[in-house]
Amino acid sequence: MIPFNKPPVTGNEITYIEQAIASPKLSGDGFYAKKCENLLEGITGSPKALLTPSCTHALELAALLIDIQPGDEVIMPSYTFVSTANAFVLRGARIVFVDVRPDTMNIDEEKIEAAITKKTKVIVPVHYAGVACEMDKIMALATKYNLYVIEDAAQGLMSNYKGKALGAIGHLSAISFHETKNYTSGGEGGVLLINDNQFVERAEILREKGTNRSQFFKGMVDKYTWVDMGSSMLPSEIQSAYLYAQLESADKINHTRLNIWQEYNRALSEFEQAGLITLPHVPDHCQHNAHMFYVKFNSEVDRAHFIDYMKQQDILTVFHYLPLHSTAAGKRYSTFNGEDNHTTQESEKLVRLPLYYNMTESELNTVVTHLRHYLSQQVGV
Ligand SMILES: *Cc1c(COP(=O)(O)O)cnc(C)c1O
């Protein structure tokens, strides 16, 4: 059986976890957490990285930091994971969805301005598959209307837009270290990147249960107390130790994933030319991180047929994101601004192929062989 994903393992995880266990501090903001945050600041160029238990937590922290109030409006694509919306729904916001571009599945930057009202507080671009949204346009709109930009860069570590790392462009950004992402902190994890210094001090307080504990540890205050609202949003040293083993091999993991991605792209391009499928589009000014390789069939029926065939070959391919505006919660908490020309239609055609760091050459060859066999048969149909 070839799974759709295997959590990445580099080999050093156990060593670092053992060291963490042997150290006197196993709770958050320890030795490995600091090392990870330093690496993340180095990789992205963001001035401040704060590890969180998940990307969901990082998004929730971001919503708290920009002080979302009931009735505020938040603009985002409907083709995304639930956490992108929930982080703001938890604060009473109304979600306003905008259509995606069919070529990248990212929010259509040309449709955002029409969705902006007096209540709009923030735009949340989601960099789908680690391919950047049109950030120049989005940041210009934010400046024009005095809005915040929170990047959902869950899938975007090691990608860039016009030379700038994803996650380092908006005021705040959230990255995921869930086991399905390119780098994991042992199954669950995330980081908040703070690119606007005004948020740093309060972020440290909200993340430390609303106390000034981190200032206490820095020697800035002589005792720590309750100073604000807050929650517990620090991963343990076990998680950070796992993550450190991944981040120190970031280039190697990235390179390996890009090679698999290129292999799929090469093997499938003739079938795109034959009109059977559409392959992912990466704009020239975007460097991606091979977070996923997806294929779009011409219809939902064609996709189902393909998934079935692959399953019979013991290969798991999956699709995701029932557009949020069509879900039960989506009907309560959101509106779709403008026409849904692409979101639903494109989401029904998309399927993801197995792609993981520890994928063997033989696994990749098996998948490619079955893919090509299946598609060759369809050409004749
Ligand atoms: C994975 C993902 C999340 C959530 O990440 P967690 O770390 O599992 O909380 C949020 N948004 C997007 C776009 C994702 O892909």
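Preceding this paragraph is the structure being described.
Definitions and limits used
- Sequence order sets the numbering: in each chain, residues are counted from 1 along the sequence as written.
- Confidence filtering applies because this is a predicted model: local features only for residues at pLDDT of at least 70, side-chain atom pairs given and counted only at 80 or more, and all residues used for totals across whole chains, interfaces and linings.
- Calculation of side-chain values draws on the structure's entire complement of heavy atoms; hydrogens and water are dropped beforehand.
- Whether two strands pair comes down to DSSP finding at least two bridges between them.
- Helix and strand labels come from DSSP, where a helix needs a run of H or I of at least four residues and a strand needs a run of E of at least two; each type is numbered from the N terminus.
- Residues are labelled near a given molecule or strand when at least one of their non-hydrogen atoms is within 4 Å of it.
- N or O atoms within 3.5 Å of each other form a polar contact, as long as, within protein, one can give a hydrogen and the other can take it, and as long as residues adjacent in sequence are counted only when both atoms are side-chain atoms.
- Note on areas: Shrake-Rupley, 1.4 Å probe, and residue coverage restricted to the protein chains presented here.
- Cavity: a set of points on a 1 Å grid over the protein atoms alone where a 1.4 Å probe fits but cannot get out. Pocket: an open set with protein on both sides within 12 Å along at least five of seven lines, its lining residues, like those of a cavity, having an atom within 4 Å of a point.
- Put plainly, a molecule is in a cavity or pocket when over half of its atoms are within 2 Å of the grid points there.
- Between N-to-C directions, angles span 0 to 180 degrees; the directions come from axes that are lines fitted to C-alpha atoms, helices contributing only their stretch in contact.
- Here a pair means two rings of Phe, Tyr or Trp (six-membered ring of Trp) with centres within 6.5 Å. Their orientation is stacked below 30 degrees between planes, edge-to-face above 60, and tilted elsewhere.
- Each residue is placed in one exposure class: buried if its accessible area under a 1.4 Å probe, protein chains only, is under 20% of its type's maximum, exposed if it is over 50%, and partly exposed if it falls in between.
- Definition used: whenever NZ (Lys) or CZ (Arg) falls within 6 Å of the ring centre and also within 35 degrees of the ring normal, the charge is taken to sit over that ring.
- Crossings are sorted by hand: turned counterclockwise from the far helix by less than a right angle, the near helix makes the crossing left-handed, and turned clockwise it makes it right-handed.
- Any two residues whose heavy atoms approach within 4.5 Å are treated as being in contact.
- For this classification, the nonpolar set comprises Ala, Val, Leu, Ile, Met, Phe, Trp, Tyr, Cys and Pro, the charged set comprises Asp, Glu, Lys and Arg, and every other residue, Gly included, is treated as polar.

Any details on the sheet that holds strand E7 (residues 164–165)? Residues and values, ideally.
The sheet built from three strands is open, its strands ordered E7-E6-E11 with antiparallel pairing. Of all the strands in the sheet, just E7 and strand E11 (286–287) have a single pairing partner and so form its edges. The pairing of strand E6 (residues 160–161) with E7 spans two bridges and is antiparallel. Looking across to E7, one finds that Tyr161 is bridged to Lys164.

Summarise the site of the ligand; cite the residues concerned and give the values.
By nearness alone, 15 residues border the ligand, and Thr56, Asp152, Gln155, Ser176 and Lys181 come closest of all. Within the side chain of Ser176, a nitrogen or oxygen atom sits 2.7 Å from an oxygen atom of the ligand. Within the side chain of Tyr321, an N or O atom sits 3.4 Å from an oxygen atom of the ligand. Relative to its unbound accessible area of 380 Å², the ligand is 93% covered by the protein chains. Applying the majority rule of atoms within 2 Å of the grid points places the ligand in the largest pocket.

Break down the sheet that holds strand E1 (residues 48–52) for me, citing the residues and quoting the values.
A sheet is described by the order of its strands in space; here eight strands give the open sequence E1-E9-E8-E5-E4-E2-E3-E13, paired in mixed fashion. Across the chains shown, the open sheet's two edge strands, defined by having one partner strand only, are E1 and strand E13 (334–336). Neighbour-to-neighbour, the strand axes of this sheet turn through a mean angle of 25°, independent of strand direction. Across five bridges, strand E8 (residues 172–176) lies against strand E9 (residues 190–194) in antiparallel orientation.

If you had to explain the packing of aromatic side chains to someone new, which residues and values would you point to?
All chains considered together, the criterion is met by 16 aromatic pairs. With a centroid separation of 5.7 Å and 65° between ring planes, the pair formed by Tyr148 and Phe199 is classed as edge-to-face. Placement of the pair is Tyr148 in strand E5 (residues 148–152) and Phe199 in the loop between E9 and helix H6 (200–207), with a sequence separation of 51 residues. Taking relative accessible area as the criterion, Tyr148 reaches 23% and is therefore assigned partly exposed. The class of Phe199 is buried, set by a relative accessible area of 4%. Seen from their ring centres, Tyr309 and Tyr374 are 5.0 Å apart, and the 40° between their planes marks the pair as tilted. Linking Tyr309 in helix H10 (residues 300–312) with Tyr374 in helix H13 (residues 361–380), this pair joins segments that are 65 residues apart in sequence. Each member of the pair, Tyr309 as well as Tyr374, is classed as buried. Feature note: the residues Tyr16, Phe31, Tyr32 and Tyr244 constitute an aromatic cluster, connected by ring pairs. The ring of Phe217 has Lys25 sitting right over it, with the charged end atom 5.9 Å from the ring centre.

Summarise the packing of helix H2 (residues 31–44) against helix H8 (residues 237–247); cite the residues concerned and give the values.
The contact between H2 and H8 brings their axes to 8 Å, and the two run at 35°. Judged by the sense of rotation from one axis to the other, the crossing of H2 with H8 is left-handed. Taking contact as the criterion, the partners of Phe31, Tyr32, Ala33, Lys35, Cys36, Leu39 and Leu40 in H2 are, on H8, Glu237, Ser240, Ala241, Leu243, Tyr244 and Leu247. Looking at the contact of H2 with H8 residue by residue, the classes come out as ten nonpolar, one polar and two charged.

Summarise the pairing of E9; cite the residues concerned and give the values.
The buried fraction of E9 is high, at five of five residues. Direction of pairing for E1 relative to E9: antiparallel, over a ladder of five bridges. Counterpart to Thr52 in the pairing with E9 is Gly190.

Just distances and angles here, no functional claims.
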